[in-house]
Amino acid sequence: MADKALLVIDLQNDFCPGGALAVTGGDEIVPVVNRLIETFDHVIMTQDWHPPRHSSFASEHTGKAPFETVAMPYGEQTLWPDHCLQGSDGAAFHAGLDWTKAELVVRKGFRREIDSYSAFFENDHETPTGLAGYLRERNIADLTMVGLATDFCVAYSALDAVQEGFSVTVILEACRAIDLGGSLAAMTGMMKEAGVRLV
């Protein structure tokens, strides 16, 4: 399994029940993810890591509410409740997650003016996180993705990974979705079309 890695996406307190941007059943995947971590030689985590007053926060846009959209220089941006603030308990990994085996933690969304769903690129689809280069240098070509949320950070990571030439599998049992206005069906369709293996 030297050329394979498990990518655990944003399994953080703020995305679990009781968090600022809770995904329904987000904590339910922790035992499944932990079992997968045991079976992989290489494990990588991502962590949403926003500074205060991030531009994707609805609180930064007068008259706007969470889940509305605004036009940003890089395209349409969904606005979110303030979440995953750097160093906060909400940004920490879920307490039950066995993350100590992780060889790399990719922090994203730390640039105030641009959001970042994907583990590979900021939302401008141009600014890289460096993950693709890291994987290539280690000859890892096959990625299995799990985490939160299926229709946002998992899907965007999977689509970018395929575009970067990686083989990608998403284990749906180990993901949960926000499903904002049909986003789950839309992003699942896009992943299938791109060649992501959904199991």
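The structure reproduced in this document is the subject of the present report. (Residues numbered from 1 in each chain as written. Predicted model: local features only at pLDDT ≥ 70, side-chain atom pairs only at ≥ 80, totals over all residues. Heavy atoms only, no water.)

### With respect to the overall build of the protein
For the record, the criterion: Starting at the N terminus, helices and strands are each numbered in turn, a helix being any DSSP run of H or I of at least four residues and a strand any DSSP run of E of at least two. Each radius of gyration is computed over the set of C-alpha atoms, and the globule rule expresses the reference value as 2.2 Å times the number of residues to the power 0.38. Whether a residue is buried, partly exposed or exposed follows from its accessible area with a 1.4 Å probe, protein chains only, as a fraction of its type maximum: under 20%, in between, or over 50%, in that order.
In terms of regular secondary structure, the protein is built from four helices and eight strands. Starting at the N terminus and walking to the C terminus, you meet the elements of the protein as β-α-β-β-β-β-α-β-α-β-α-β. Its C-alpha radius of gyration of 16 Å places the protein within 12% of the 16 Å reference for a compact globule of 199 residues. Once the C-alpha set of the protein is aligned to its principal axes, its extents read approximately 50 × 35 × 30 Å. Relative to its full complement of 199 residues, the protein shows a buried share of 52%.

### Quick word on the sheet that holds strand 2 (residues 43-48)
We count it as follows: Two strands are said to pair when DSSP picks up at least two bridges between them. A contact between two residues is defined here by any heavy atoms of the two lying within 4.5 Å. Fitted lines through C-alpha atoms give the axes, limited to the stretch in contact for helices. The angle between two N-to-C directions lies from 0 to 180 degrees.
What the six strands build is an open sheet, ordered 5-2-1-6-7-8; its pairing is parallel. Whereas interior strands pair on both sides, the edge strands pair on one side only; in this sheet they are strand 5 (104-108) and strand 8 (197-198). Sheet analysis places strand 7 (residues 167-176) next to strand 8, joined by two bridges and oriented parallel. Across the sheet, Thr 169 pairs through a bridge with Arg 197, a residue of strand 8. This element, helix 1 (residues 30-39), spans strand 1 (4-9), strand 2, strand 6 (142-148) and strand 7 of the sheet and lies at about 145 degrees to strand 7.

### Notes on the packing of aromatic side chains
This is how it is decided: Working definition: a ring pair exists when centres of Phe, Tyr or Trp rings (six-membered ring for Trp) sit within 6.5 Å. Plane angles under 30 degrees give stacked, over 60 give edge-to-face, the rest tilted.
Summed over all chains, the structure comprises seven aromatic pairs. Between Trp 80 and Tyr 117 the ring centres are 6.3 Å apart and the planes differ by 75 degrees, which places this aromatic pair in the edge-to-face class. One end of the pair, Trp 80, is in the loop between strand 4 (75-78) and strand 5; the other, Tyr 117, is in the loop between strand 5 and helix 2 (131-137), with 37 residues separating them in the sequence. The two residues Trp 80 and Tyr 117 agree in class, both being buried. Measuring from centroid to centroid gives 5.4 Å for Phe 93 and Trp 99, while their planes differ by 40 degrees, and the two rings are tilted. On the basis of relative accessible area, Trp 99 is assigned to the partly exposed category, the value being 40%. Among the aromatic side chains, those forming a connected cluster through ring pairs are Phe 67, Trp 80, Tyr 117, Phe 152 and Tyr 156.

### Focus: the nonpolar core
Applicable threshold: For this analysis, a nonpolar core means a set of buried residues of the types Ala, Val, Leu, Ile, Met, Phe, Trp, Tyr and Cys, connected via side-chain atoms within 4.5 Å.
Judged by nonpolar contacts, the single largest core of 57 residues is most densely connected at Val 8, Leu 11, Val 33, Phe 120, Leu 143, Met 145 and Val 170. Those elements that place two or more of their residues in this core are strand 1, helix 1, strand 2, helix 2, strand 6, helix 3 (150-163), strand 7 and helix 4 (183-194). Of the residues forming this core, the biggest block, seven residues, is contributed by helix 3. What Val 8 contacts, discounting residues up to four positions off in sequence, is Val 33, Ile 37, Val 43, Ile 44, Met 45, Thr 46 and Val 146. Counting residues in hydrophobic clusters, the runner-up holds six residues, among them Ala 58, Met 72, Tyr 74 and Ile 114.

### Side note on the state of the cysteines
Condition: Cysteine sulfur atoms are paired as a disulfide whenever they fall within 2.5 Å.
The final tally for this structure, using the stated rule, is zero disulfides. The structure places no disulfide on Cys 153, whose sulfur is separated from the nearest cysteine sulfur, that of Cys 84, by 8.9 Å. In this model Cys 175 remains outside any disulfide bridge; the closest cysteine sulfur is found in Cys 153, 11 Å from its own. Given a relative accessible area of 3%, Cys 175 falls into the buried group.

### Brief notes about the pattern of salt bridges
Put simply, the rule reads: One side-chain nitrogen of Lys or Arg within 4 Å of one carboxyl oxygen of Asp or Glu is enough to make a salt bridge.
Enumeration over the complete set of coordinates arrives at nine salt bridges. With its nearest N and O atoms 3.1 Å apart, the salt bridge here joins Arg 176 to Glu 28. Highlighted residues: Arg 176 in strand 7 and Glu 28 in the loop between strand 1 and helix 1, separated in sequence by 148 residues. Residues joined in a network through salt bridges with shared partners are Asp 10, Asp 48 and Lys 108.

### Looking at the side chain of Asp 10
Applied cut-off: For this analysis, a polar contact is any N or O atom pair within 3.5 Å, provided that within protein one partner can donate a hydrogen and the other can accept it, and provided that sequence-adjacent residues contribute only side-chain to side-chain pairs.
The residue Asp 10 is located in the loop between strand 1 and helix 1 in this model. Look at Asp 10 and you get buried, because its relative accessible area is 0%. Side-chain polar atoms of Asp 10 contact the side chain of Thr 46, separated by 2.7 Å.

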